[in-house]
Amino acid sequence: MSGAGRLPCPCGAGGGAPFRGNRPKDMFELIGIPPQALFGQLLLGLINGAFYALLSLGLSVIFGLLNVINFTHGAQYMLGAFAAWGLLSYAGLSYWPALILAPIAVAIVGLAIERLFLRRLYGYDHLYGLLLTFGIATILEGVFRQRYGSSGLPYPIPGLLSGGHNLGFMFLPNYRAWVVVVSLAVCLATWFLIERTRLGSYLRAATENAPLVQAFGINVPRMITLTYAFGVGLAGLAGAMAAPIYQVSPLMGSNLIIVVFAVVVIGGMGSIMGSILTGFGLGIIEGFTKVFYPEASNTVVFVIMAIVLLIKPAGLFGQTR
Amino acid sequence: MKATILKLLGVAAVGFGLAFAPHGVRAQVSGNVVKLGVLSDLSGTYSDTTGNGSVRAAKMAAADFGGKVLGKPIEVISADHQNQPDVGSGIARRWIDEEGVDTIVDVPTSSVALAVQQITKEKNRVFLMSGPASSDLTGKACSPVGIQWTYDTYALAHGTGGALVKQGGDSWFFITADYAFGHALERDTSEAVLAAGGKVLGNVNAPFPSADFSSFLLQAQASKAKVIGLANAGADTINSIKQAEEYGIVSGGQRLAGLLVFNTDIHALGLQAAQGLVITVAYDWDMNDATRAFAKRFMAFPESKGVPPSYIQAGVYTEVTHYLRAIQAAGTDEATAVVAKMREMPINDFMVKNGTIRIDGRVMREMYLAQVKSPAESKYPFDYLKILQTIPRDEAFRPLKDGGCYLVK
């Protein structure tokens, strides 16, 4: 992000900073790191990957079934975190009910967005949906920033999950382990729902040929509305789960959404399993980058995206449409 | 009759003479308005400590000055540089070239401030810095018309770094925001730690901004350094401190050094997570009646979001006030003359006591070493800091000869 390269800065290689690269000896011996620390980073990567997977899953469901590139996803993730915070601060409801209620609240917002705005754009190019959802995201984030500021609000880790375990190679906070487990469960359940159940088959059929499915007596518009609400609800769930880890901040989604889009593109637009696997996989790759070359950890995902697009434009798991 | 005509001609001549008098004879205000451009982070990570609060502080200063200087109106405009040097320089150039802006104010985010410093220097416009921290702004990248008003990385480093080494924190590991500011802060702190007899075990450069610091914190934990120096700011610092608690870093015996922490950050974190942090500040809203009075007025504006001003925002108020006073005294808003007058006049207000401006643009003022109170110690809203010690001006800032500013002969 430092764009002031033309000015004297002590950050250049061999520059004034005497301690750059002088890392602790017991951590960095040969080319890399001892296996123990490697496990730690692997686990951390999985944790971040859990958020990527959950968010890219929602995006993927929405794109796969509605053909809408939902740029509001980051703002909806932020809404989920704020809903959890609001439930705690105003209604005194703890994390556990919030985990159910926050996604529902966000899904209702999604429902309204779909009914009021998105619906009108289905006949047009993707770009219109993208611009609309981007605009809504900007407005939502602006309103929350105006009201709550950029530093964010604190949300405590639920008592039941505070503390952690020393695994020998790292200290794993209980809450982070919980995030991975929930995310995996939700991702797999969603995959199962869409790929392996009757309801899922209706959904997939409706995306292929909506008039035909409608002719069989299925209310396609309602199904689409609910699908959007579900995808958005997943973002809300991710937000509620993120609240105890990050500050509940109006900007939390905008920082994440671009990476998540890259994940979806790498996995293949609309591929459910692709999003899940890529989400976790890229989380791990990013985690390792944070050790080997931390400066590149916020760009590594995009480098991979560029390579994948060159070799397999439809994404790793995608089909050309 | 003839005499009357001559008299009239004489009056007319005097009138013309006055109207076309050369510069310096009468008060000169370019464009008949003194225009201040507050260039800040209005929407990103630093917008709570600077942002619209800084814009409001500048407007308060203009209003308190009477809204006019040398009989000409004072106008305050603002823009969002989005923490991007290219965006910031674009706005600065447009302001100066097309909109007649006389001075650029605040500019948090050192990478942007370094770019604006070049432009204001080249175009001879006053640059009143309250937000940016990098000590390079009064060192290698100094400017004859750039004034770094509130604080800098050297002051933060020597205040907090020096104090912690004295308390036994003699081995350090840095988590550094990977841009101009983070590197300057890390460099200055490393020097302070070494000078105090400590050692630096390593560092990790975290991309700016980051949300998840787990990996960096684990690297810091593994280094077994006694102190983990957070050479970052805003949301990055908040998330680092919050997540350090999760990984049991402080309970494991390591200490966190928040090198740049504002009251707005403490407010966002809550005292439970922030308590015990030793920090260096330029001001606290609760130091005396004058600071409290200013905070009360500031908090009445919606831009404050109900939180007392950060020292950057308070700094914007006092630097703008001093600038306007200097215009009044100099009789012109021409940059070189105004800056000369600003150096000449002592700075005395609710925030700065007997302050002076050095040739490299550094404002010499007292700084304060403070500790964040525990929830039990805090008696009323925003009662966050106890001042441990006043750092005298000559100790607080880098000696003039060490900065490498070309203006120092």
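Model, not experiment: these values are computed from the prediction. (Residues numbered from 1 in each chain as written. Chains lettered and ligands numbered in written order. Predicted model: local features only at pLDDT ≥ 70, side-chain atom pairs only at ≥ 80, totals over all residues. Heavy atoms only, no water.)

## A short note on the nonpolar core
Next, step 1: Counting residues in hydrophobic clusters, the biggest one holds 117 residues, and the most contacted among them are Ile175(B), Tyr311(B) and Tyr323(B).
Next, step 2: Among the elements that take part in this core, helix 12 (residues 311-330) of chain B stands out by supplying 10 residues, more than any other.
Next, step 3: Counting only domains with at least three residues in this core, you end up with domain 1 (29-151 + 290-361) and domain 2 (154-281 + 367-393) of chain B.
Next, step 4: The residues contacting Tyr311(B), other than those within four sequence positions of it, are Ser130(B), Thr150(B), Tyr151(B), Leu156(B), Leu260(B), Val261(B), Phe262(B), Thr280(B), Val281(B), Ala282(B), Tyr283(B) and Met351(B).
Next, step 5: In terms of nonpolar packing, the next biggest core, distinct from the first, is built from 85 residues, Ala75(A), Met223(A), Val232(A) and Val300(A) among them. (Core = buried A, V, L, I, M, F, W, Y, C linked by side-chain atoms within 4.5 Å. Buried < 20%, exposed > 50% of the residue type's maximum accessible area, 1.4 Å probe, protein only. Helix = DSSP H or I, 4+ residues; strand = E, 2+ residues; numbered from the N terminus. Domains from an automatic or database assignment. Contact = heavy atoms within 4.5 Å.)

## Looking at the environment of Ala141(B)
Residues and elements named next belong to chain B.
Next, step 1: The residue Ala141 is located in the loop between strand 5 (126-129) and strand 6 (146-148) in this model.
Next, step 2: Taking relative accessible area as the criterion, Ala141 reaches 7% and is therefore assigned buried.
Next, step 3: For the pair Ala141 and Thr153, spaced 12 residues apart in sequence, the C-alpha to C-alpha distance is 14 Å.
Next, step 4: Residue contacts for Ala141: discarding those within four places in its chain leaves Leu114, Gln117 and Asp136.

## Some remarks on the packing of aromatic side chains
Next, step 1: In the structure shown here, the tally under the stated rule is 28 aromatic pairs over all chains.
Next, step 2: Judged by centre distance (5.4 Å) and plane angle (90°), the ring pair of Phe71(A) and Phe134(A) falls under edge-to-face. Linking Phe71(A) in the loop between helix 1 (35-66) and helix 2 (73-90) with Phe134(A) in helix 4 (residues 126-148), this pair joins segments that are 63 residues apart in sequence.
Next, step 3: When the ring of Phe213(B) is compared with that of Phe216(B), the centres are 6.0 Å apart and the planes differ by 70°; the resulting orientation is edge-to-face. You'll find Phe213(B) and Phe216(B) in the same group, each marked buried.
Next, step 4: Among the aromatic residues, ring-to-ring pairing joins Phe82(A), Trp85(A), Tyr90(A), Phe144(A) and Tyr148(A) into one connected group.
Next, step 5: Positioned above the aromatic ring of Tyr148(A), the side-chain terminus of Arg147(A) is 4.9 Å from the ring centre. (Phe/Tyr/Trp six-rings, centres within 6.5 Å; stacked < 30°, edge-to-face > 60°. Lys NZ or Arg CZ within 6 Å of the ring centre and 35° of its normal.)

## Observations concerning the domain arrangement of chain B
All names here are of chain B.
Next, step 1: Domain boundaries in chain B define domain 1 (29-151 + 290-361) and domain 2 (154-281 + 367-393).
Next, step 2: Each side of the interface is counted separately: domain 1 has 27 residues, and domain 2 has 25 residues.
Next, step 3: Around 1900 Å² of area is buried between domain 1 and domain 2 when both sides are counted, 65% of it from carbon and sulfur atoms.
Next, step 4: The tally of links from domain 1 across to domain 2 stands at 8 residue pairs in polar contact (both at pLDDT 80 or more).
Next, step 5: Elements with a contribution of two residues or more to the side of domain 1 that touches domain 2: helix 4 (110-123) and helix 12.
Next, step 6: A total of 3 residues in the side of domain 1 that touches domain 2 trace back to one element, the largest contributor, which is helix 4.
Next, step 7: Of the residues contributing to the side of domain 1 that touches domain 2, the split by class is 10 nonpolar, 14 polar and 3 charged. (Buried area = accessible area lost by both parts, 1.4 Å probe. Polar contact = N/O pair within 3.5 Å; in protein donor to acceptor, adjacent residues only side chain to side chain. Nonpolar A, V, L, I, M, F, W, Y, C, P; charged D, E, K, R; others polar.)

## Thoughts on the sheet that holds strand 10 (residues 255-258) of chain B
Residues and elements named next belong to chain B.
Next, step 1: Ordered by their spatial adjacency, 4 strands build an open sheet running 8-7-9-10, and the pairing between neighbours is parallel. Strands at the two margins of the open sheet, each flanked by one partner only, are strand 8 (199-206) and strand 10. Across the sheet, the mean angle from the axis of one strand to that of its neighbour is 20°, orientation sign disregarded.
Next, step 2: In this structure, strand 7 (residues 171-177) lies alongside strand 8, joined through 7 bridges in parallel fashion. Note that in strand 8 the partner of Trp172 across the bridge is Val200. (Pairing = 2+ DSSP bridges. Axes fitted to C-alpha atoms, helices over the stretch in contact; angles between N-to-C directions.)

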